[in-house]
Each structure stands twice: as C-alpha cells, then as structure tokens.
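Residue-level structure breakdown
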Amino acid sequence: ARRGAAPGLAPAMESADGAVRTLPSIGRLSRGPTFGRAHGRFGLSPSGRLLPPAPRSQENADPQRTAFLLRKQWTLYSVTPLYRFSDARLRDYARLLSAFIAAEKQKGLAVEVGVELDIKVSVSSLPDLKGSDQDQAAILVQLSSRSAASSKNSEEKLIWSGWFCCVSGDDLSENVPEDFTCLPLFLANGGESYTSIVGSWFQKTFDCCFRRLAISPLNLSWMAAMWTGCKVDKTASAMELVFSVPCLPQPLNISYAIHPEDAKALWDTVQKTPGEITQEEVDVFMDCLYSHFHRHFKIHLSATKLVKVSTAIASAHCDGIIKFLQSQYLTGVLMLLTELAISQIQ
Amino acid sequence: MDVTVAEYIRRTVLKIPRDEIKTMLQKWGFLSETQLQTINFHQIKENISQDVVQLCEENSADIKQAAVLDIIYNHIYPNKRVWSVYQMNKTVVCFSCVTGEETEFFDLTDFKKKFKRRLRSALKNVTINFREYEDNAVWIRIAWGTPYTKPNQYKTSYVVYHSQTPYVFISVSVLKSNLPLLCQALVVASNYHDIHEMELRSHSLNSLKDIVFKRYSQNFQTYYPRPLQERNVAPENGDLRIIQENRNEKERIQRVNQEVFGDGPQPKLEFAQYKLETMFKSDPKMDVLDEKEPFRCLVKFSSPHLLESLKSLAPAGMADAPLSPLLTCIPQKARNYFKIREKKGFFPGSFVSP
C-alpha cells in the first residue's frame, strides 16, 4: 500500500553530486521514535574499530551463489528503513515493479530510445549475505530484457541488477519500530535510468529514501589499511592509491601502487593491537606511505584528494563505487559499507 | 577502383573535420581543382565523402594514392596517436663520427630504396609510402600484412625520421611484432649501426621533438641554495598586515620554479612513470618497517599537460620548491619512464636512475 509521500516531490533519485533532498517520508519519521545516533562499531571517526570477524556464514555459504557479485562495478546508496516490506511477498513486488516500469515506458520516460524491450523483473532473496542473525537477508532485484519481436524462446539478457543488504546493522535494526525493515545499503549495476525507475518504485511503495553514498578520503584510508592487512591466497594485485589534484591550471592525477607484499609488511609492523585497528594506526600507515612518496618527489600527497583505493580484496572510489574481488571477504567489506550507509541515514 | 580502396578513402575523409576537408584534398592534389569545385563542402560529411569517392573512382585511385591522403591527415593531426622516440647510433669504429666532422649528405632516394628492399625481403605484403616535409622530416607510412594476407590499411605504423639527427619517432602500432623488422630497416637504410628505444612517449609529437632537439627553454638543473638576504624594506604604504615571511616565501618559490623549469612553455607530455625500488625509511620513533629489502612501488603521474601541472604544484602549496629532480629532469633526460634504485654511498637521500 502506498504511504503518504509528500506531494509535489519528484521521485527522481539523488544525483551523484550529492544535492541534498528533503525526505519524502518526513511524515513517517515523525511518528516513530527518532533514530538516535547509534554507536556503531565502525563509526565515522572512531578512535578504534574491531577487526571484522571471520564471516559467520562462511562455512555454509556457497561462494558460487555470490560469485556473480564479484568483479562488477556497484554504485552505492544508503536507504532508510522500508515500511511494511515483507520477504514473503517478493513475487508480488516483482509483478508490481514490472507494471510500474511498463507504465513509465508508456509515459515516454523510456530508458532505451528506439529499442523495443520487454523487461522482465525478478526479486529474490540472498540468504548468505548477512552478518548477524538479526540482519535481514539481502534482496536482489534483476531486470532482464527480451526483444519483444522474438518469442519466449529467445535469450534473456541481464541489463540491470540492484541489491539491498544489511550486514551487522544491529545498531540500526535494534532501534527501529516493528513495521520497518532495515536494508540500509543498496548497490546498483547497470543503466542509471533503470536505477532511477527502480529506486522511485521502492521509494513510493515503502516510503523510504535513497541517497548516493560517497566515501570520504578518511574512510578510503581505513579501507586501504584494513584491506592491505587481509591475507590473500593467490598472487595478490598491487595496493593502489589514486590521488587527484583538480584545482590546478592543468589537473593532475597520481597513481601510487605498492607491491602487495611490501604494503602488507608495512601494515603488519604498524598494526599493534590484535583484533583491533585504531585511527592512529591508520594515520601512521598512511603517513609512512606519504613520506616515502615525499622523499622521492617532494610532493605532499596529504594536500591532494584521495579518490580511489584498490587492493586484492576490493576497490573503492570516492563517488561511492565499489568492486568486490574476493568472495571470502565479501561480507567483511559489506559490513564496513553497511556502517557507512547507516551513518549517512542518521 | 578496388572496393577496399574506395571504402578506405571514404573513412579517411570522414575523419577530417568538415572545414578542413577541402584544404586537405588540395594538399593531396589527386583530384583536380575543377573536380574539387564540383563538391559541395557544406553538406554533411557522409555526403562529402561519397562525392570524393565518386571522383576518385573517375581518376582510378589506387591504394598508394589513398595512403598519401592518410599520411597528410596524420601529419596534420599527429596527436591522435602515441609516439615513442628511438635513437640510432653508430659504433665508435666509425672515426669520422667520433670527431664529429662528418656531415653526411643524406640521400633520400637511397634511403627509400634500402628501406623498402629491407622490409620487402622479409615481408612481401606491405604498403610503404614516403612523404617529405620541411625541416628534413621524412614521414613513412607502413601498412602491414602477413605472408598470406594483403596489407591491412587500418593497421598502420608511422615513422618520422629527421635525417640530420639520429632520432626516429615511431607511432606505436597494434602489430608490435613488426617492430624489430621496422627498426632493422631503418638502421640499414640510414647507414646507422643500431637503434634503441628511449624511455620517452607522448601523444604530442611536437613536444617530443622539442625535448630531444632541445627546442624548449633550458633551465639550470642544479639548484644552489641562496643565502638568506637581509632586506630592510620599508613597509608598504598602509597595509602592515601583509606578512613579510609569506611574501618572501612566495617569491622564493616563484624564483626557484623559474630556475628549475625555465621561462618558456613546457613541452607537452601526458604522463610520467616511475618504478621505485628504493628502501623504505621511516622516522625512527615511529617504530615501523625497517626492511633490508626495497619497498617496491609504481608511481604514475598523468595530466593533459604534465609539466605545466607539476610546475604549478609548489605555488599551490602542494609541493616543496624546488620540486624533486626526478620530475624536473624529464625534458633534460628526454625520458618519461624511469626505474629508480637506491644509490649506495654518501647521500642516502639521492637516487640513481639507470
């Protein structure tokens, strides 16, 4: 059922430049308890963070089932809790979303100009993707196309995927009234216009709000440090930091890639407390890398903008784009991203 | 006219910006002025190219003529390709070279003959075209085939050879396997003994030439720190809030920058790459990594105009002045790919670039 979205507000999604929007569900929030600032384990600028424990479901999880999530570029969004969402009604949702997309196309908001596409929607659950028992299992939405001209036998092509998840999001889910489902992290791969349509439907249907999730240089540094320390079986790829200096008369990009063994050796001497990483340790790690660079080039990397971090585990871009590269660390990375999403919601 | 030739001409014309098509066709000279008059150069490019092909048909164009049009296009728009610089040398055995007395007369006809012969002896299916330009630049276009297939006109290599210098600029082709053969043919044709690739690459052919021919404004490579000069400057009328130290520092940065980079415009390069194999050194009190092994890194700088960008870092407060010689030596050393190892000796802070 449709809840009261504020009239006159366009269902368009948050743009990449992070324009601030009013929550359409502002009426909703005033009814429930205010979400206090939860004390997350991976807060915005904590003095310490616990190292992500080995994923609990790793023994049971079949890496094959989540393999399709790897090596794809996912754009990140934070999502406020969904009102009256039920994972027993996934088939219904698929049907309703399908009708919505068809209606949008009729209205002339067609996504692919000149192409007659028959879009098939599937909504399913990914039970392996959760952290604690309290987490809601991840929900996957996929759009496939079949050219309208051909019959049922023709091949379906996956054109867009998006999934909601919550990994160790207890701080949010504990504070939410019963009718709400917490799936604060949303990841999308495919055309932006499809993301917009799917997002609009969810916003209308469950009275939630999507916002692009940017990743600050501070959090990128955390990722660089944490992921460098992860043990990887096969020959790992380099640990790469990409810096941008846009405000010069001629913009400059600097890629600083360190041999993974050497980066890990450095991190291992920096990280002293077992099972925990502190902000101080991350700072020391980054300072070491910056001063090694300065020694050679006399350039202060700390004055530039860290825009991307790439390791064997995953790569992350400040615009809120992630790529998962190792299935064994998938949940670990999702835990960190869930925390960032929750911080943005609150 | 061969269908493939027609198609090739059509595609080449389509690459040219519409306003330039007429001039380029005139430079080409294959179509007469009368024929060119019949073309409406204000219509869409698709139609212009069709008209051109039609006229070429009338003149029975073959691949050699089509290739000349391609050379002309690439000569005017060289920055669409990436160019590598090669240097040829003669061994010391050649006495007159050592004394520098020799100013060999460059026999173009002989060069072309030897070049073609060398290439064709190894590979029958090649299309070779030459075109000479001012400043002694010889442009060579090679379309590569295989022993069993005709030359692929879309997979071409370009060579620019300045006959009075030992430098050759080669546009990196898709078919890298042909590179050794190409180098051999160049060496043989130009009467040198061997050729090696310099670690210098860019889209801007002219900038590469500026660097190797030293056509940019030179700068002093060594920086001698100047003693601080005591200045008794009366404060400016009125505004005593100007902080003298900052202004001194700003001026110092400008001065040092100018010494290090020179006055004139910088040659245009898009990237520089450094493979670092130096030791990691940290502040002893940080108690971190103290390895005996090198800390292996790969650093890549990229910018639409790299040297100008680097020059602006110190004034913007993001780098020290002077900037590291590893960066400022790029035009001097005529290279933008480096391997840096630790220099063993007195100055642990200095680096050797092989």
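This one's a predicted model, so the numbers in the text were calculated from it and none came from an experiment. Residue numbers restart at each chain and count upward from 1, following the sequence in its written direction. Lettering for chains starts from A, numbering for ligands starts from 1, and both go in the order in which the items are written. Totals for whole chains, interfaces and linings use all residues, but because this is a predicted model, local features are given only for residues with pLDDT of at least 70 and pairs of side-chain atoms are given and counted only at 80 or more. Side-chain metrics rest on all non-hydrogen atoms present in the structure, leaving aside hydrogens and water.

A separate point is the overall build of chain B. Within chain B, the regular secondary structure consists of 13 helices and 10 strands. Burial classes follow relative accessibility: with a 1.4 Å probe on protein chains only, a residue under 20% of its type's maximum area counts as buried, one over 50% as exposed, and anything between as partly exposed. In chain B, buried positions account for 44% of the 354 residues. Residues count as neighbours in contact if any of their non-hydrogen atoms are within 4.5 Å of one another. Expressed as a percentage of contacts within chain B between residues at least 6 apart in sequence, the contacts between residues at least 24 apart total 67%. Roughly 19300 Å² of accessible area belongs to chain B as shown, and the carbon and sulfur atoms make up 53% of that amount. A run of DSSP states H or I qualifies as a helix once it reaches four residues; a run of E qualifies as a strand once it reaches two. Both are numbered from the N-terminal end. Accessible areas in this description were obtained via Shrake-Rupley with a 1.4 Å probe; residue shielding takes into account the shown protein chains only.

We now examine the interface of chain A and chain B. The partner chain B presents 42 residues to the 35 residues of chain A that form the contact. Interface area for chain A against chain B, summed over the two sides, is near 3200 Å², with a carbon-plus-sulfur share of 64%. Of all residues in chain A, Arg295, His296 and Phe297 of chain A bury the most surface against chain B, accounting for 21% of the area lost on that side. Each reported salt bridge corresponds to a side-chain nitrogen of Lys or Arg within 4 Å of a carboxyl oxygen of Asp or Glu. Our count for the chain A to chain B interface comes out at two salt bridges. Between Asp262 of chain A and Arg296 of chain B there is a salt bridge, and its shortest N-O distance comes to 2.9 Å. Think of a polar contact as two N or O atoms within 3.5 Å of one another; within protein, one of them needs to be a possible hydrogen donor and the other a possible acceptor, and neighboring residues in sequence only count if both atoms come from side chains. Where chain A meets chain B, there are 15 residue pairs in polar contact (both at pLDDT 80 or more). Taken together, the elements giving at least two residues each to the side of chain A that touches chain B come down to β11 (252-258), α7 (260-270) and α8 (279-297) of chain A. A per-element tally of the side of chain A that touches chain B places α8 of chain A first, with nine residues. Buried area is calculated as the accessible area (1.4 Å probe) missing from two parts once they are joined, with the contributions of both summed.

Next up on the list: the packing of helix α6 (residues 217-228) of chain A against α8 of chain A. When two helices pack together, their arrangement is given by the angle between their axes and by how far apart the axes lie. Residue and element names in this part refer to chain A. One way to put it is that α6 packs onto α8 with a least axis distance of 10 Å and a crossing angle of 85°. Here α6 is positioned roughly perpendicular relative to α8, judged by the angle of their axes. Counted together, Leu218, Ser221, Trp222, Ala224, Ala225 and Thr228 of α6 and Gln279, Val282, Phe285 and Met286 of α8 form the full contact between these two elements. Where helices are involved, their axes are fitted lines through C-alpha atoms of the stretch in contact, as for all axes, and angles between N-to-C directions lie from 0 to 180°. Relative orientations are named as follows: roughly parallel for angles under 35 degrees, roughly antiparallel for angles over 145 degrees, roughly perpendicular for angles from 65 to 115 degrees, and oblique for any other angle.

Okay, α6 of chain A next. Residue and element names in this part refer to chain A. With 12 residues, α6 ought to run about 16 Å at 1.5 Å a step, and its terminal C-alpha atoms sit 16 Å apart, in line with that. Of all 12 residues making up α6, 10 are buried, and the element is well covered by its neighbours. Taken as a whole, α6 has its buried residues at Asn219, Leu220, Ser221, Trp222, Met223, Ala224, Ala225, Met226, Trp227 and Thr228. Here the expected length of a helix is defined as 1.5 Å per residue gap, with one fewer gap than residues.

This part takes up the packing of helix α2 (residues 18-28) of chain B against helix α5 (residues 63-76) of chain B. All names here are of chain B. Between α2 and α5, whose axes approach to 10 Å, the crossing angle comes to 125°. Considering the angle they form, α2 stands oblique to α5. Our pair here, α2 against α5, has a crossing hand that is right-handed. On α5, the residues touching Met24, Leu25, Lys27 and Trp28 of α2 are Gln65, Ala66, Val68, Leu69, Ile72, Tyr73 and Ile76. Asp, Glu, Lys and Arg are counted as charged, while Ala, Val, Leu, Ile, Met, Phe, Trp, Tyr, Cys and Pro are counted as nonpolar; the rest, among them Gly, fall into the polar class. Each residue belonging to the contact of α2 with α5 can be placed in one class, and the counts come to nine nonpolar, one polar and one charged. Note on convention: near helix rotated counterclockwise from far helix by under a right angle means a left-handed crossing. Clockwise means right-handed.

In this section: the nonpolar core. Judged by nonpolar contacts, the single largest core of 135 residues is most densely connected at Phe324 of chain A together with Tyr274, Phe301 and Leu310 of chain B. Per-element tally for this core: the top contributor is α8 of chain A, with nine residues. Residues contacting Leu310 of chain B, with those up to four places away along its chain left out, are Leu252 and Ile299 of chain A together with Phe261, Phe301, Leu323 and Leu327 of chain B. Grouped together as the second largest cluster of nonpolar side chains are 30 residues, Val121, Phe164, Ala188 and Phe206 of chain A included. Here, nonpolar core refers to any group of buried Ala, Val, Leu, Ile, Met, Phe, Trp, Tyr and Cys residues whose side-chain atoms link them within 4.5 Å.

All names here are of chain A. Note: pLDDT gives the predictor's confidence per residue, expressed from 0 to 100. Of all residues in chain A, 77% attain a pLDDT of 70 or more, and the chain-wide mean is 80. Every residue in residues 1-45 scores below 50 in pLDDT, and together they form 83 contacts with partners more than four places removed in sequence or on other chains. Scored below 50 in pLDDT, residues 54-59 shows nine contacts in the model against residues more than four places distant or in partner chains.

On to the sheet that holds strand β1 (residues 83-89) of chain B. Residue and element names in this part refer to chain B. Note on pairing: DSSP must find at least two bridges between two strands before they are called paired. Across the sheet, which stays open at both edges, the six strands sit in the order β2-β3-β4-β5-β1-β6 with antiparallel pairing between neighbours. Looking along the sheet, the strands with just one partner apiece sit at the ends: β2 (126-133) and β6 (194-202). Within this sheet the neighbouring strands show an average axis-to-axis angle of 20°, counted without direction. In this structure, strand β4 (residues 156-162) lies alongside strand β5 (residues 167-171), joined through four bridges in antiparallel fashion. Bridging from a neighbouring strand, Tyr158 pairs with Ser171 of β5. Set on the sheet, helix α9 (residues 205-212) makes contact with β1, β3 (137-144), β4, β5 and β6; between it and β6 the angle comes to about 120°.

Quick look at the state of the cysteines now. Any cysteine sulfur atom paired with another within 2.5 Å is treated as part of a disulfide. Tallying each qualifying case throughout the model produces zero disulfides over all chains. Here Cys166 of chain A stays unpaired: no disulfide links it, and the sulfur of Cys182 of chain A, its closest cysteine neighbor, is 6.1 Å away. Free of any disulfide, Cys329 of chain B has its nearest neighbouring cysteine sulfur in Cys297 of chain B, separated by 18 Å.

Our focus in this paragraph is the pattern of salt bridges. All names here are of chain B. Tallying each qualifying case throughout the model produces 17 salt bridges over all chains. Of the charged contacts, one joins Glu132 and Lys112 as a salt bridge, the two residues approaching to 3.4 Å between their closest N and O atoms. You can see Glu132 sitting in strand β2 and its partner Lys112 sitting in helix α7 (residues 108-122), a full 20 residues away along the chain. Its relative accessible area of 39% is what places Glu132 among the partly exposed residues. With a shortest N-O distance of 4.0 Å, Glu277 and Lys275 are connected by a salt bridge. A relative accessible area of 22% places Glu277 in the partly exposed class.

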